[in-house]
Amino acid sequence: MKKTIGIIGGMGPMATCDLMKKIIEHTDADRDQAHIRLYVDNNTNIPDRTAAILHGGVDPRPALTESARK
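Heads up: these notes are all about the structure in this document.

Each value, and the rule that gives it
Residues numbered from 1 in each chain as written. Predicted model: local features only at pLDDT ≥ 70, side-chain atom pairs only at ≥ 80, totals over all residues. Heavy atoms only, no water. Helix = DSSP H or I, 4+ residues; strand = E, 2+ residues; numbered from the N terminus. Buried < 20%, exposed > 50% of the residue type's maximum accessible area, 1.4 Å probe, protein only. Contact = heavy atoms within 4.5 Å. Areas by Shrake-Rupley, 256 points an atom, 1.4 Å probe, with all protein chains shown as cover. Lys, Arg positive; Asp, Glu negative; His and termini not counted. Charge placed at Lys NZ, Arg CZ, Asp CG, Glu CD. Pairing = 2+ DSSP bridges. Right-handed = clockwise from strand over helix to strand, strands pointing away.

### Notes on the overall build of the protein chain
Here is step 1: The helix and strand tally for the protein chain stands at three helices and two strands.
Here is step 2: Counting only C-alpha atoms and orienting by the principal axes, one finds that the protein chain spans roughly 50 × 20 × 15 Å.
Here is step 3: Taking all 70 residues of the protein chain together, the buried fraction comes to 17%.
Here is step 4: The long-range fraction of contacts in the protein chain, counting pairs at least 24 apart against all pairs at least 6 apart in sequence, stands at 57%.
Here is step 5: Element-wise, carbon and sulfur atoms account for 55% of the exposed surface of the protein chain, whose accessible area totals about 5,600 Å².
Here is step 6: Computed over 10 positive and 9 negative side-chain charges, the separation of the two mean positions in the protein chain equals 4 Å.

Structure (structure tokens):
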């Protein structure tokens, strides 16, 4: 069975793209079909984690959980 990776992204959209690029570049694949399957939820609506931790902002965990569920 081929491996699958799920990425909850969007909390830094370019960081999500960078991670995907690194996964693709470091996969030993000789054709497109040999790459790892990626599921990406680029959810830019997840509340800011830093604000939640440092300033009592909106808790991002429910949105993260929902993204993981999808």
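### Comments concerning the pairing of strand β1 (residues 4–9)
Here is step 1: Bridge count between β1 and strand β2 (residues 37–42): six bridges; the pairing is parallel. For G9, the partnering residue across the bridge sits in β2 and is N42.
Here is step 2: For the crossover from β1 across helix α1 (residues 13–25) to β2, the handedness is right-handed.

### Points about the environment of C17
Here is step 1: Checked against the element boundaries, C17 lands in helix α1.
Here is step 2: By relative accessible area, which is 43% here, C17 ends up partly exposed.
Here is step 3: Spatially, the C-alpha atoms of C17 and V40 are 9.8 Å apart, while their sequence positions differ by 23 residues.

Everything listed here is a matter of geometry and, on its own, says nothing about what the molecule does.
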